[in-house]
Amino acid sequence: MSCKNICEKYSAAKGRRSSYYAQGYKRCSICEIFIDWDGIRCPCCDLVLRTVPHEKTRDSDI
Ligand SMILES: [Zn+2]
Ligand SMILES: [Zn+2]
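Computed from a predicted structure; not experimentally measured. (Residues numbered from 1 in each chain as written. Chains lettered and ligands numbered in written order. Predicted model: local features only at pLDDT ≥ 70, side-chain atom pairs only at ≥ 80, totals over all residues. Heavy atoms only, no water.)

Tallying secondary structure elements over the protein chain gives zero helices and two strands in all. The buried share of the protein chain, reckoned over its 62 residues, is 23%. The long-range share in the protein chain, meaning contacts at least 24 apart out of those at least 6 apart in sequence, stands at 39%. Taken as a whole, the protein chain presents about 5100 Å² of accessible surface, with 46% of it coming from carbon and sulfur. (Helix = DSSP H or I, 4+ residues; strand = E, 2+ residues; numbered from the N terminus. Buried < 20%, exposed > 50% of the residue type's maximum accessible area, 1.4 Å probe, protein only. Contact = heavy atoms within 4.5 Å. Areas by Shrake-Rupley, 256 points an atom, 1.4 Å probe, with all protein chains shown as cover.)

Quick look at the structure:
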């Protein structure tokens, strides 16, 4: 698995204030890029993408 530069087509355009994760983008740690992609795996290197659901867990545990 390695970056074939396919991910560049899907690279995320960062908004002014919110983070990439907040905008629903996913990060590929092999390509080292945030992409706008609906799939679970990177279309480029096939790595499972990292997402951070934006919900606060502070008050909801225990
Ligand atoms: Zn890539
Ligand atoms: Zn990738």
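With that settled, consider the coordination of the zinc ion (ligand 2). Surrounding the zinc ion (ligand 2) are the protein donor atoms C28 (SG), C31 (SG), C42 (SG) and C45 (SG), which sit 2.3 to 2.4 Å from the metal. Around the zinc ion (ligand 2), the four donor atoms are arranged such that angles at the metal cover 92 to 121°; this shape is classified as tetrahedral. Within one chain, the residues donating to the zinc ion (ligand 2) are spaced in sequence as C-x2-C-x10-C-x2-C. The two metals, the zinc ion (ligand 2) and the zinc ion (ligand 1), are separated by 4.0 Å and share C31 as a common coordinating residue. Residues C42 and C45 agree in their burial class; the two are buried. (Donors = N, O, S within 2.8 Å, 3.2 Å for Na, K, Ca; no water. Tetrahedral: all angles 85-135°; square planar, octahedral: opposite > 155°, others 65-115°.)

This next bit is on the nonpolar core. Of all hydrophobic cores here, the largest spans ten residues; its members are C7, C28, C31, I33, I35, C42, C44, C45, L47 and L49. With near-sequence residues (within four places) excluded, C7 lies in contact with C31, I33, I35 and C44. (Core = buried A, V, L, I, M, F, W, Y, C linked by side-chain atoms within 4.5 Å.)

Further remarks concern the coordination of the zinc ion (ligand 1). The protein atoms that coordinate the zinc ion (ligand 1) are C3 (SG), C7 (SG), C31 (SG) and C44 (SG), at distances spanning 2.2 to 2.5 Å. The site at the zinc ion (ligand 1) holds four donor atoms, and with the angles between them running 102 to 114°, its shape is tetrahedral. The sequence pattern formed by the donor residues of the zinc ion (ligand 1) is C-x3-C-x23-C-x12-C. Among the residues examined, C7 registers a relative accessible area of 2% and is labelled buried. By relative accessible area, which is 12% here, C31 ends up buried.

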